[in-house]
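# Working through the structure, step by step
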Amino acid sequence: MAFAEQLAELYDMEFQTQKALEEMLSSAVSPTLRNALHEHRDQTIEQTQRLVICFDQIHEAPKRSRCIGMEGLVAEAHEIMEQAGSPTQLEMDMALAMMKVEHYEIAFYTSLLTIARFLDLPRVEDILTVNRRIEEDAADLAQELLGEMLHHAMHPEKQFRW
Ligand SMILES: [Fe+2]
């Protein structure tokens, strides 16, 4: 598949991520989770803008092409969140969904980085690397949050940390 087509799917992935983060934000209550979702939503907007430069580098107009992988993750997140039995469970489900989304994004960026390197597109490579780093940090943060939530769920006698 052509690089431009893959880039169009990656571009769509970021728009889908932005929407998913906004949906989770409307359901999140704890300040720590809200801050994480809010910050990453803003970063996602910047990532999308950065991808426009990648299209420019390959002389293509920015275009979205359906990212089926992210659609699947978002559908799964909706289903799990609908089944959450409590607000605490819902927040854990959101942290888990965020982790899975970030790891999918890392995988997609890594794939495209491999192709960009092969095609000798250094500027594209730089941008994809910057965006991937942001996903890695977001994945680490989501993992940390989920760990804290699980810790609290296992030790409810300890004070809530957020
Ligand atoms: Fe992300």
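Each chain carries its own residue numbering, running from 1 in the direction its sequence is written. Under the rules for a predicted model, residues below a pLDDT of 70 receive no local features and side-chain atom pairs below 80 are neither given nor counted, while totals for whole chains, interfaces and linings still include all residues.

### Quick word on helix α2 (residues 31-57)
Along its 27 residues, α2 runs 39 Å from first to last C-alpha, staying within 8% of the 39 Å computed at 1.5 Å per residue. At its buried positions, α2 is contacted by α1 (3-27), α4 (87-118) and α5 (122-154). Once α2 ends, the next one or two residues include H59, with phi positive near 60°. Where helices and strands are cited, they refer to DSSP runs of H or I of at least four residues and of E of at least two residues respectively, numbered from the N terminus. One fewer than the residue count of a helix, multiplied by 1.5 Å, yields its expected span. Think of it this way: build a C-beta for each residue from its backbone, and any pair within 7 Å is a contact.

### With respect to the confidence of the model for the chain
Across the chain, each position has a pLDDT score giving the predictor's confidence in that residue, from 0 to 100. On average, the chain scores 94 in pLDDT, and the residues at 70 or more come to 96%. Confidence, read as mean pLDDT per element, is least for helix α3 (residues 68-82) in the chain (94) and greatest for α2 (97).

### Digging into the environment of A28
One can find A28 in the loop between α1 and α2. Overall, A28 belongs to the buried group, with 21 C-beta atoms counted inside 10 Å. As a C-alpha pair, A28 and P87 span 59 residues in sequence and 8.6 Å in three-dimensional space. If we ignore the near neighbours within four places in the chain, the residues touching A28 are L33, R34, L37, E91 and M94. Three exposure classes are used. Buried residues have 20 or more other C-beta atoms within 10 Å of their own C-beta, exposed residues have 12 or fewer, and partly exposed residues fall in between, all C-beta atoms being placed from the backbone.

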